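# Observations on the model geometry
Spelled out from the first residue to the last, the chains are:
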Amino acid sequence: MTTETADMVLLLAGPENVAAIAAKLQSPAMGMVPDLAREVPDTLPPGVEPDPEQILSYEPDLVVTTSRHGGEQSANEQLAAAGVPMLTFEAADFNTPEAYAQALRTTGEALGRSAEAEQYASELLEKIEEIDATASGASPSVLVLMARGGNVMAMGSDNMVPGLALRAGATDAAAAAGISSTGPIDAELLVRANPDIILLEDFQGSGEAPFEALLSSPAVADVPAVANQDVHLVAMTEASALSGINTPVGYQKIRDIVSQ
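All values reported here derive from a predicted model rather than from experimental measurement. (Residues numbered from 1 in each chain as written. Predicted model: local features only at pLDDT ≥ 70, side-chain atom pairs only at ≥ 80, totals over all residues. Heavy atoms only, no water.)

### Quick look at the pattern of salt bridges
Enumeration according to the criterion identifies seven salt bridges in this entry. Residues Arg38 and Asp35 are paired through a salt bridge, measuring 2.8 Å at the closest nitrogen-oxygen approach. Taking the shortest distance from any N to any O, the salt bridge between Arg148 and Glu201 comes out at 2.7 Å. One end of the pair, Arg148, is in strand 5 (residues 141-148); the other, Glu201, is in strand 9 (residues 197-202), and 53 residues separate them in sequence. Take Arg148: its relative accessible area is 26%, and that puts it in the partly exposed class. Salt bridges linked by common partners bring Glu98, Asp132 and Arg167 together as one network. (Salt bridge = Lys/Arg side-chain N within 4 Å of Asp/Glu carboxyl O. Helix = DSSP H or I, 4+ residues; strand = E, 2+ residues; numbered from the N terminus. Buried < 20%, exposed > 50% of the residue type's maximum accessible area, 1.4 Å probe, protein only.)

### A closer look at the packing of aromatic side chains
In this structure the tally under the stated criterion is two aromatic pairs. Judged by centre distance (5.8 Å) and plane angle (65 degrees), the ring pair of Phe89 and Phe94 falls under edge-to-face. Phe94 shares its class with Phe89; the two are buried. Ring geometry for Phe94 against Tyr100: centres 6.4 Å apart, planes inclined by 50 degrees, an arrangement best described as tilted. Look at Phe94 and you get buried, because its relative accessible area is 1%. Its relative accessible area of 4% is what places Tyr100 among the buried residues. A network of ring pairs unites the aromatic residues Phe89, Phe94 and Tyr100 as a single cluster. The lysine or arginine in question, Arg148, covers the ring of Phe203, its NZ or CZ lying 3.6 Å from the ring centre. (Phe/Tyr/Trp six-rings, centres within 6.5 Å; stacked < 30°, edge-to-face > 60°. Lys NZ or Arg CZ within 6 Å of the ring centre and 35° of its normal.)

### Focus: the confidence of the model for the protein
This prediction gives the protein a mean pLDDT of 93; 100% of its residues lie at or above 70. Within the protein, helix 11 (residues 224-227) carries the highest mean pLDDT (98), whereas helix 4 (residues 70-81) carries the lowest (86). (pLDDT = per-residue confidence, 0-100.)

Take a look at the structure:
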């Protein structure tokens, strides 16, 4: 029912065993395995308000979903009440490579694909550990920005990208500015964070455009990351809750940025 969960199911069970997936997965800017996603004939409409009746119409043997938003939680309750077997994940299950590996193993067990899941999980963690071992000793301050609905927000360290930046040796500019969880950021707060490096989440291929107004403001011109043009776009398919087994690619890029 969601991008994160459908990617895991496609990877382990193949499109031939999937009744329907979130439509966004078919885009290379959003899905981990878009080619497999395009082989699934039916898609669920975008948004966080899934239609339980539509899902029940597929007579699924298993529904794999998340419980992040009110609409999802309500739909999950209705599906469970209808007797549909459910496998439900929380947002935190996709916030670190280790958490994702465990989610992959849990999904593999539910699908009868434990061996395949273990192989993917083990390979993922091995690649992450190899990158961990290449620490450079650099410790610039990093701020990660995302954009939704016309609003620019700073990510808290519990998200994948800032977590990878900290893992690469960076310090948390958001925490230095008193930002403990993901929320809106303005020029004043950006100045207070004063990051050496800014990472921008490339949401659905939107690029840097959503951040231009903030980063071009004269008020932030002296922020080190802006003054030195140390601002970098990070693809969601390489480092985010959606990046899955591609996460080592994004982690290596982030480590290279932090170490430069």
